Amino acid sequence: MRPRILPRSSALVALLVACSHAASPGEGDDLGLSDGSGGPGAAACGDGSLDPGEVCDGEALDGRSCHDLQPLYTGGALACASDCRSYDVSACDLPPGTALVTLNEIRSAGAQTGEWAGRGDLIELYNAGDAPADLSGWRLADDLALPEAKTYVFPAGAVLSPGAWRVLVERDDTSGAGDFPFGVSQDKEETIVLVDGPGAVVDSVTFDGADARGSWCRVPDGGGGWDRCEPTFGAANVADTGTCGDGEAGGIEACDGDDLGGATCAALGFVGGALGCTATCLLDTSACESGSAVVINELESSDDDIELYNAGDAPIELGGWILTDDPVSGPATIRRATPRS
């Protein structure tokens, strides 16, 4: 029997091989086995201090103000988004009679239902101001260098009304239908940039393409921090709490049906095999092939019991191995432990 990898809301326990980086016990969010070779601990979002990979944390805003993020803002209270990877500008002050166009929602796997089903990846803009925005000559790309072949140029006369959304669709190379001439990555870091006519960056966002397989958006529209959300293109954004069984992994779900959130057996540290999803939206690694016979086999939180199991046919020396709920490679890394000589 192999262990089941639990979603982010579950307690974390990891079996590690001793190495030069010492692990520190603590609270975690994912179940995993790691060899501890991934370097120092992951950023601790919510501790009020800036760690590598965080742009802010609580009241630690890296010295930024509303005006620093967007010169159109005249004041207000800048905040940090809950994931510490983006700012929340929903309480920043915008002068009356000003247009403010932002990137608002992105989907890297295309829509499965609704008006845009089967039409490629989606990017939504939103005008958070109270004046119309003339988008003529503005450019949208997934490359800060704005290469001509991979950049969408808004046509003359394109206007975005205040409080309105504009949904752009990936262009079909065969039919020519659609808008932007690039795809949004589903499995690696992606950057989308919006530039105005004179060439000034209006807005940009960098994110993990796997997070945008459902939808990646601002909540509230135009100013909130970026997070996973329900697909609501052309309408107000709604945070994704995850609905198990709808075929789309989101919220606290590790997977949903065939949507594995970009996870694979290899990415979880196995040597191969087929990753699956349980009926309760947990990753099922029972068909993954492990390079180690030792696994975490059963957990009991009420009595704080942890069971290990040797699935092999020979004894394994565990001297020097480490059991911890805070793997040094961070909660996002899940690997299978292997003994070292």
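Cut-off values and rules
Residues numbered from 1 in each chain as written. Predicted model: local features only at pLDDT ≥ 70, side-chain atom pairs only at ≥ 80, totals over all residues. Heavy atoms only, no water. Buried < 20%, exposed > 50% of the residue type's maximum accessible area, 1.4 Å probe, protein only. Helix = DSSP H or I, 4+ residues; strand = E, 2+ residues; numbered from the N terminus. Pairing = 2+ DSSP bridges. Phe/Tyr/Trp six-rings, centres within 6.5 Å; stacked < 30°, edge-to-face > 60°. Core = buried A, V, L, I, M, F, W, Y, C linked by side-chain atoms within 4.5 Å. Contact = heavy atoms within 4.5 Å.

Please provide a residue-by-residue account of the pairing of strand 13 (residues 189-195), values included.
Counting buried residues along strand 13, five of its seven residues qualify, which places the element largely inside the surrounding structure. The pairing of strand 9 (residues 139-141) with strand 13 spans three bridges and is classified as antiparallel. In the sheet register, Leu-140 faces strand 13, and the bridge partner there is Leu-194. Direction of pairing for strand 13 relative to strand 14 (residues 201-208): antiparallel, over a ladder of seven bridges. Each residue of the ladder has a partner; that of Val-195, found in strand 14, is Val-201. Here strand 13 folds back onto strand 14, and the loop between the two strands holds five residues, one of which, Gly-199, carries a positive phi near 105°.

Which residues make up the packing of aromatic side chains, and what are the values?
Considering all chains together, one arrives at three aromatic pairs under this definition. Where Tyr-126 meets Trp-165, the ring centres are 5.4 Å apart and the plane angle is 40°; that geometry is what we call tilted. Taken as a pair, Tyr-126 in strand 7 (residues 122-127) and Trp-165 in strand 12 (residues 165-169) lie far apart in primary sequence, 39 residues in all. With a centroid separation of 4.9 Å and an interplanar angle of 70°, the aromatic rings of Tyr-152 and Phe-154 are classed as edge-to-face. Given a relative accessible area of 8%, Tyr-152 falls into the buried group.

Explain the nonpolar core to me, and be specific about the residues and the numbers.
Core analysis: the largest hydrophobic core is formed by 26 residues, its most contacted members being Leu-103, Ile-123, Leu-135, Leu-140, Phe-154, Ile-192 and Leu-194. At the level of elements, strand 6 (101-107), strand 7, strand 13 and strand 14 are the ones that each hand at least two residues to this core. Residue contacts for Leu-135: discarding those within four places in its chain leaves Val-101, Leu-125, Phe-154, Ala-158, Leu-160 and Arg-166. Judged by nonpolar contacts, the second largest core, of 11 residues, contains Cys-56, Cys-66, Tyr-87 and Cys-92.

Can you lay out the sheet that holds strand 16 (residues 226-230) for me, pointing to particular residues and giving the numbers?
Within the open sheet, the six strands sit side by side as 12-7-6-15-16-17. Their pairing is antiparallel. Each edge of the sheet is formed by a strand with only one pairing partner; in this case those strands are strand 12 and strand 17 (238-239). With two bridges joining them, strand 16 and strand 17 adopt antiparallel strand pairing. By the bridge assignment for strand 17, Glu-230 is matched with Val-238.

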